[in-house]
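A look at the structure
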2 protein chains.
Amino acid sequence: MSAFANDETAAIEAVAVAYLTAFVREDVDTVLDAYAEDGVLMGPGLLPVEGKGALAMAYPAVFAAVDFNVKYTIKETVQISEDWGYVRSTTEGTETIKATGDVTPVTYAELFLIRKSAGSWKIARYCTTKTGPA
Amino acid sequence: MSAFANDETAAIEAVAVAYLTAFVREDVDTVLDAYAEDGVLMGPGLLPVEGKGALAMAYPAVFAAVDFNVKYTIKETVQISEDWGYVRSTTEGTETIKATGDVTPVTYAELFLIRKSAGSWKIARYCTTKTGPA
């Protein structure tokens, strides 16, 4: 659904899907490639991670600590302007603390703010929150 | 910072500030007034809350359970188009479980996606995540 000359909804959603699927397989390169240079991650248990250099440090640490086995559902994808869009999703599954092997059922919700820059859609701002267990 | 005919950065930021300050004083009416009719809340411990009717149920339940004593910092406010903008903030302080009196230091990060509709800027999508304690 878009009111713009170029409907880029599919390209916008593809960025979120690329991120979400790379995240589950702990594919740091693809995760980082989904972000803009100035991209920001806001997620549980870590202070906001600002910029690709910081993101490149943060994701390996996250993946070293936790194994995420979650499936995503895209709730909506909206093109805001010629250069901006957003995607809202939820994820559900389990996470395993690698140090202990403890497995917990989890649900998350995600909000991706995605910007077109130099012809490519990239994650500009991303917030993920742990919606459950309550 | 805006490239638009009407720089509405101040009006966009004011919505987030109105929300954040009303939230701390448990002012449900002002919190709800900050949202668009189709506004969505994504926050820790509750499944995404979609639409003003659901929001009107969710906030009193949140305030009944927890007393938030936090201060906000606006990290950035960006006007995306004539009708859209976003605000990124962090909050820091303590929260008290009302049932037990337990007090915990907490930090959060927030991403507000704000839309102008019928002349008013309102929260369209909002994600808040508990960044600490880790």
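The sections below set out a description of the structure shown in this document.

Definitions and cut-offs
Residues numbered from 1 in each chain as written. Chains lettered and ligands numbered in written order. Predicted model: local features only at pLDDT ≥ 70, side-chain atom pairs only at ≥ 80, totals over all residues. Heavy atoms only, no water. Least-squares fit on C-alpha atoms with pLDDT ≥ 70 in both. Contact = heavy atoms within 4.5 Å. Pairing = 2+ DSSP bridges. Helix = DSSP H or I, 4+ residues; strand = E, 2+ residues; numbered from the N terminus. Axes fitted to C-alpha atoms, helices over the stretch in contact; angles between N-to-C directions. Buried < 20%, exposed > 50% of the residue type's maximum accessible area, 1.4 Å probe, protein only. Core = buried A, V, L, I, M, F, W, Y, C linked by side-chain atoms within 4.5 Å.

1. So, the relation of the copies chain A and chain B
Between chain A and chain B, the superposition needs a rotation of 180 degrees and an axial shift of 0.0 Å, giving an RMSD of 0.0 Å. The relationship between the two copies is best expressed as a two-fold rotation axis. Taking the C-alpha atom as reference, chain A places A:Thr129 closest to the rotation axis, 2.3 Å from it. Take the interface residues of chain A: 100% of them recur as interface residues in chain B, which is what a same-surface contact looks like.

2. Thoughts on the sheet that holds strand β5 (residues 103-117) of chain B
Residues and elements named next belong to chain B. The six strands are arranged β2-β1-β6-β5-β4-β3 in an open sheet whose pairing can be described as mixed. Each end of this open sheet is capped by a strand with a single partner; those strands are β2 (46-50) and β3 (66-79). With strand direction ignored, the average angle separating the axes of adjacent strands in the sheet is 15 degrees. Where β5 lies against strand β6 (residues 120-132), eleven bridges are found, and the strand directions are antiparallel. Across the sheet, residue Glu-110 finds its bridge partner in β6, namely Thr-128. Packed onto the sheet, helix α1 (residues 9-24) meets β1 (35-43), β3, β4 (84-97), β5 and β6 and runs at close to 175 degrees relative to β3. Across the sheet, helix α3 (residues 52-65) is in contact with β1, β2, β3, β4 and β6; its angle to β1 comes to roughly 45 degrees.

3. Describing unusual backbone geometry
All names here are of chain A. Looking along the chain, the bond that leaves Gly-132 and enters Pro-133 is cis, with omega of 5 degrees. Here Pro-133 shows up in the segment after β6 (120-132). Even without being glycine, Glu-26 reaches a positive phi, approximately 55 degrees. Within the secondary structure layout, Glu-26 lies in the loop between α1 (9-24) and α2 (28-33). Look at Glu-26 and you get partly exposed, because its relative accessible area is 26%.

4. So, the sheet that holds strand β5 (residues 103-117) of chain A
All names here are of chain A. If you trace the six strands from one edge of the open sheet to the other, you get β2-β1-β6-β5-β4-β3, paired in mixed fashion. Each end of this open sheet is capped by a strand with a single partner; those strands are β2 (46-50) and β3 (66-79). Going from strand to strand, the sheet's axes swing by 15 degrees on average, the running direction of each strand aside. In this sheet, β2 lies alongside strand β1 (residues 35-43) in antiparallel orientation, the contact comprising three bridges. Bridge pairing links Gly-43 to Leu-46 in β2. Here α1 sits on the sheet in contact with β1, β3, β4 (84-97), β5 and β6, set at roughly 175 degrees to β3. Taken strand by strand, helix α3 (residues 52-65) contacts β1, β2, β3, β4 and β6, and its axis lies near 45 degrees from that of β1.

5. Re the nonpolar core
Counting 29 residues, the largest nonpolar core has A:Tyr19, A:Tyr35, A:Tyr59 and A:Phe112 as the members making the most contacts within it. At seven residues, the largest contribution of residues to this core is made by α1(A). Apart from residues lying up to four places away in sequence, A:Tyr59 is in contact with A:Tyr19, A:Phe23, A:Val31, A:Leu32, A:Tyr35, A:Leu41 and A:Tyr126. Ranked by size, the runner-up nonpolar core spans 28 residues in total, among them B:Leu20, B:Val106, B:Phe112 and B:Ile123.

6. A look at the pairing of β4(B)
Residue and element names in this part refer to chain B. Most of β4 sits out of view: ten of its 14 residues are buried. Where β3 folds back on β4, the antiparallel hairpin that results is connected by four residues. The pairing of β4 with β5 spans 13 bridges and is classified as antiparallel. Within β5, the position partnered with Gly-93 by the bridge is Val-106. What sits between β4 and β5 in their antiparallel hairpin is a turn of five residues, with Gly-101 showing a positive phi close to 80 degrees.

In short, geometric facts, not functional conclusions.
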